[in-house]
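Fold and geometry: a report
Chain residues, written in single-letter form:
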Amino acid sequence: MSKQHTLLMPLDMHLHLRDGVMLETVAPLTSYTFSGALIMPNLVPPVTSKDAVIAYKERVMAAVGVEAADPELDLVNSDYFEPYMTLFYQNYDKEFLEDVADEITSLKLYPAGITTNSEGGVSSFDLDTMRPTLQAMSDLEIPLCVHGETDGFVMDREAEFMSIYELLASNFPDLKIIMEHITTKVAVDMLDEYPNLYATITLHHLLITLDDVAGGMLKPHLFCKPIAKRPEDREALLKVALDGHPKVMFGSDSAPHPQHKKESCGCAAGVFTAPIALQSLCELFDSHGKLDNLQSFVSDNAQRIYGICPEFKEIVLSDEPFTVPEKYGNVVPMYAGETIGWSIESVE
Ligand code: NCD
Ligand code: ZN
């Protein structure tokens, strides 16, 4: 008898869907098993206007292949998928934020140039310059999602950013701040220091360390920002994820790049995990005897933290093996060609 596990309304609170043909390739892979996802705005050019948010959401919905559900109808639809849109952080005025608030779930802040398509991000964390935007976000209850890395030594970038999180969290105590894709023990410890700090954790940072990326033959498909860290960092991430810590959410940071951009002398940063995420998470939580906490990590915490209420979707997984395809379109997923212990059995 195979073992089964049911997840309700899974949410991926950090997802790169890109645009054009790539969007059409990857969006259905997430919408098949997730009720919704927080869609990152680092397109070229980045999503910085209300019109751009609306137009991108329409392209996402078209790629998913379904119309947005009518909230009046109380629709139950296994194809249903909600793209929770984000705006690329710049210093905006309050009128603009008031006008765009209904179309977005958060703003995403990138330090300028720190990762893929982030050149238009913040180049100086000067509170006086940022205050009007951050105060308006706080007043309007729009959360701030942050790619927390300095431009220091690559292994220290996240730890060095902690003082900026402290500055933001203490100056804007009513602003919800999400430390995106945390990779270090210091970031885990920071969670309990400020009531308004939250975090997402990826699948890959729960599974790998820098050794897996560069300890043997270089593995370009495991190269991402922030770079995977030390075993003790992964242990700290695992502990809060497996415990279903109430301030921690799953955010895959699934970041597809065409194969030639990964297998090249200048490897683009990003791990593509969307099609393997729930299966791998089940395998991981099961191997630690913590399957009962997976629901909090992949949905309940995000619903509470963001105040969102996704449409009903029920995913049944079983511990039947799943061999990961070598490619989806021209994108190579994590664990391509390898076998994961759990698979999707049904989606309703
Ligand atoms: C992301 C991408 O490719 O857009 N890359 C990554 O390595 N995670 C950007 C990001 O989230 O840093
Ligand atoms: Zn990302």
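Check the entry above for the structure.
Below you will find a few notes about this structure. (Residues numbered from 1 in each chain as written. Chains lettered and ligands numbered in written order. Predicted model: local features only at pLDDT ≥ 70, side-chain atom pairs only at ≥ 80, totals over all residues. Heavy atoms only, no water.)

Looking now at the side chain of Asp12. Examined against the element boundaries, Asp12 turns out to sit in strand β2 (residues 11-15). There is no salt bridge for the buried Asp12, and the closest opposite charge comes from Lys108, which lies 11 Å off by N-O distance. At 3.2 Å, the side chain of Asp12 and the backbone nitrogen of His14 are in polar contact. Setting aside anything within four residues of it in sequence, one finds Asp12 in contact with Phe34, Gly36, Ala37, Leu38, Phe250, Gly251, Ser252 and Asp253. (Helix = DSSP H or I, 4+ residues; strand = E, 2+ residues; numbered from the N terminus. Buried < 20%, exposed > 50% of the residue type's maximum accessible area, 1.4 Å probe, protein only. Lys, Arg positive; Asp, Glu negative; His and termini not counted. Salt bridge = Lys/Arg side-chain N within 4 Å of Asp/Glu carboxyl O. Polar contact = N/O pair within 3.5 Å; in protein donor to acceptor, adjacent residues only side chain to side chain. Contact = heavy atoms within 4.5 Å.)

We now examine the pairing of strand β3 (residues 36-39). Residues of β3 alternate between two faces, with Gly36 and Leu38 on one and Ala37 and Ile39 on the opposite face, all of them buried. As judged from the three bridges shared by β2 and β3, these two strands associate in the parallel manner. Counted as the bridge partner of Leu11 is Gly36 from β3. For the segment spanning β2, helix α1 (residues 20-31) and β3, crossover handedness is right-handed. Relative to strand β4 (residues 82-88), β3 is paired through four bridges, and the arrangement is parallel. (Pairing = 2+ DSSP bridges. Right-handed = clockwise from strand over helix to strand, strands pointing away.)

With that out of the way, let us pick up the nonpolar core. Leu281 and Phe297 are the most contacted members of the largest nonpolar core, which has 97 residues in total. Those residues in contact with Phe297 that sit more than four places away from it in its chain are Ile201, Leu206, Ala241, Val248, Met249, Phe250, Leu281 and Phe285. Counting residues in hydrophobic clusters, the runner-up holds 15 residues, among them Leu11, Tyr84, Phe88 and Met249. (Core = buried A, V, L, I, M, F, W, Y, C linked by side-chain atoms within 4.5 Å.)

Before going further, it helps to examine the packing of aromatic side chains. Taken as a whole and assessed by the stated rule, the structure comprises eight aromatic pairs. With a centroid separation of 4.7 Å and 25° between ring planes, the pair formed by Tyr92 and Phe96 is classed as stacked. The partly exposed category is assigned to Phe96, whose relative accessible area is 21%. Their ring planes at 25° and their centres at 5.8 Å tell us that Phe285 and Phe297 sit as a pair that is stacked. Of the two residues, Phe285 sits in helix α11 (residues 277-287) while Phe297 sits in helix α12 (residues 294-306), which places them 12 residues apart along the sequence. Accessibility classification places Phe285 together with Phe297 in one group, the buried group. These aromatic residues form a ring-pair network of at least three members: Phe34, Phe250, Phe285 and Phe297. In this arrangement the basic side chain of Lys247 is found over the ring face of Tyr198, its NZ or CZ atom lying 5.5 Å from the centre. (Phe/Tyr/Trp six-rings, centres within 6.5 Å; stacked < 30°, edge-to-face > 60°. Lys NZ or Arg CZ within 6 Å of the ring centre and 35° of its normal.)

These figures come from the coordinates and say nothing about function on their own.
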